[in-house]
Amino acid sequence: MFITTLLIPLARHSLPLLTAMTFIVGTASAILYGTLNQLASLVFPDSGAFPAAYTSGLQASAGLVLITTLGTGFGGSQQHGGAVNAEWAFYGVISVLVAISWFAFIRLISTSHCVKQSMDQRDSSLSQQDLAALSTPFLDEKSNNEAKEYAEERLLLLSSSFSAIDLLPSQPLPTISDTDVTFVFLWKRTWPCCASLIITVASSMAVASSFNQTNSTNPKSDSLPRILFYIRLFADLLGRPATLVLPPSSVSCVGLITAIRLIFVPLFFLDVNNKLVLGDWGMIFGVAAFGFTSGYIATGIRQLAPNALTDTRTEVTVPKQSTLINVTFSMAVLLGLVVTFVLLLKK
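Reading the values: rules and limits
- Here the residue numbering is sequential within each chain, running from 1 through the sequence in written order.
- Local features in this predicted model are restricted to residues whose pLDDT is 70 or higher, and side-chain atom pairs enter the listing and the counts only when it is 80 or higher, whereas totals over whole chains, interfaces and linings include all residues.
- Here the side-chain values reflect all heavy atoms present in the structure, with hydrogen atoms and water set aside.
- Secondary structure elements follow DSSP: runs of H or I of four or more residues count as helices, runs of E of two or more count as strands, with numbering from the N terminus.
- Per-residue accessibility, obtained with a 1.4 Å probe over protein chains only, is compared with the maximum for each type, and a residue is labelled buried under 20%, exposed over 50%, and partly exposed between these values.
- Any two residues whose heavy atoms approach within 4.5 Å are treated as being in contact.
- Methods summary: accessible areas were calculated by the Shrake-Rupley approach with a probe of 1.4 Å, and residue burial reflects only the protein chains presented.
- How far a helix is expected to stretch is found by multiplying one less than its residue total by 1.5 Å.
- By nonpolar core we mean a set of buried residues, namely Ala, Val, Leu, Ile, Met, Phe, Trp, Tyr and Cys, connected to one another through side-chain atoms within 4.5 Å.
- Salt-bridge detection follows one rule: a side-chain nitrogen of Lys or Arg within 4 Å of a carboxyl oxygen of Asp or Glu.
- Structural elements are reduced to axes, namely lines fitted to C-alpha atoms, with helices fitted over the stretch in contact, and the angle between N-to-C directions of any two is expressed from 0 to 180 degrees.
- Handedness of a crossing follows from how the near helix is turned relative to the far one, being left-handed for an anticlockwise turn of less than a right angle and right-handed for a clockwise one.
- Under the scheme applied, nonpolar residues are Ala, Val, Leu, Ile, Met, Phe, Trp, Tyr, Cys and Pro; charged residues are Asp, Glu, Lys and Arg; polar residues are all the others, including Gly.
- Within this analysis, patches are made of residues with over 30% relative accessible area and no salt bridge. Like charges are joined at 9 Å or less; nonpolar side chains (Val, Leu, Ile, Met, Phe, Trp, Tyr) at 5 Å or less.

(A) Spotlight on the overall build of the protein. Across its full length, the protein holds 13 helices and zero strands. Ordered by position in the sequence, the α and β elements of the protein form the string α-α-α-α-α-α-α-α-α-α-α-α-α. Sorting the 347 residues of the protein into buried and exposed places 37% on the buried side. Once local pairs closer than 6 in sequence are excluded, the contacts in the protein between residues at least 24 apart make up 77%. A total of about 19900 Å² of accessible surface is found on the protein, and carbon and sulfur atoms cover 69% of it.

Here is the structure:
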């Protein structure tokens, strides 16, 4: 990833090469993002501070890109030679930052006692799960059917609405193993969180992708798109640690905020199409509120989602649920891009 980022300027005149480099950087970033997300769900799982800190740091990284851009003059109005030098300087600094981040990640997982303990517990649980999976094929068909029926009965028992009081004193509470917790089971438990995340991220992508089409009420100014971009960025950043000051009380609360913030989406696109004039300040305040609630919801969902596991919350199921949230996030990004392309084709 370090070398690929450093060599990106070589692909300025080759779209296939640039696409390949972008794919490599994007894939590596996605792997690192998913790994850090799982770590955030494993270390201090009962605290909402770790997801808030992790997502805030992820969002704040754009500030380093802004500082690097201003410092190197990348994207400025230099002549050809100056522009090339600025481009090499920009990607050189970004490559150094990537290398520093990578070494910091290695140091984190190798020296932090809390992280090492959590990873050891997860690896131990995965090893036990693998042994159970390997022993299954050696059972006869009758034993396999009985085990399957027993697992289904436990899932049904866990999903029912009866309380522990209804059980006889001699009956143990139902348990469920990690092998019984599939992604389908996790989706049934956490689909409200996933739905809120999809709506939030998709709408944010659609709005942010259209900033370059906004027009200022001052015809001599062309800075409104850049202002909206950074307003959304930093408002989103502020919304993430806000979950520590005012944590979301429930998934229903997050769903209500998700629904309310959608009011801004049609207003924004009506303004873009010159059918409604919000004015520069109306757009700025609207985007600020939209971005703040986006960060608040995205972080709040990661804090609330593990609570839906209750009886199945282990060192294996929590990272598996985190993976489901990551996949949902990626699907939401793609959905937002599709919505943007559809809107552009209709213009």
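(B) Summary view of the environment of alanine 62. One can find alanine 62 in helix α3 (residues 49-72). Judged by relative accessible area, alanine 62 falls into the partly exposed class, the value being 21%. Taking the C-alpha atoms as reference, alanine 62 lies 9.3 Å from tyrosine 230; in sequence the two are 168 residues apart.

(C) Focus on helix α12 (residues 279-304). Over its 26 residues, α12 extends 37 Å from the first C-alpha to the last, a length consistent with the 38 Å expected when each residue adds 1.5 Å. Of all 26 residues making up α12, 20 are buried, and the element is well covered by its neighbours.

(D) How the structure looks around the side chain of threonine 190. With respect to the element layout, threonine 190 can be found in helix α7 (residues 183-208). Beyond its immediate chain neighbours, meaning those up to four positions away, threonine 190 contacts Ala305, Ala308, Gln321 and Leu324.

(E) How the structure looks around the nonpolar core. Judged by nonpolar contacts, the single largest core of 17 residues is most densely connected at Leu197, Val254, Ile301 and Ile325. Listed by contribution, the elements that provide at least two residues to this core are α7, α12 and α13 (317-346). A per-element tally of this core places α7 first, with six residues. Once residues lying within four places of it in the same chain are set aside, the contact partners of leucine 197 are Ala298, Ile301, Ile325, Thr328, Phe329 and Ala332.

(F) Spatial organisation of the pattern of salt bridges. Under the definition given, this model contains two salt bridges. The salt bridge involving aspartate 236 is made with arginine 240; its shortest N-O contact spans 2.7 Å. Of the two residues, aspartate 236 and arginine 240, neither departs from the other in class, the shared state being buried. Through salt bridges with shared partners, a single network forms among Arg232, Asp236 and Arg240.

(G) Representation of the packing of helix α11 (residues 264-272) against α12 in the model. For the pair α11 and α12, the least separation of the axes is 11 Å and the interaxial angle reads 145°. When you trace α11 past α12, the crossing you get is left-handed. The residues of α12 that touch α11, namely those facing Phe264, Val265, Phe268 and Asp271, are Gly279, Met283, Gly286, Val287 and Phe290. The class makeup of the residues in the contact of α11 with α12 is six nonpolar, two polar and one charged.

(H) Region of the structure containing a nonpolar patch on the surface. A surface patch of nonpolar side chains, amounting to about 450 Å² of accessible area, comprises Phe2, Ile3, Leu7, Leu10 and Trp88. Examined against the element boundaries, phenylalanine 2 turns out to sit in helix α1 (residues 2-6).

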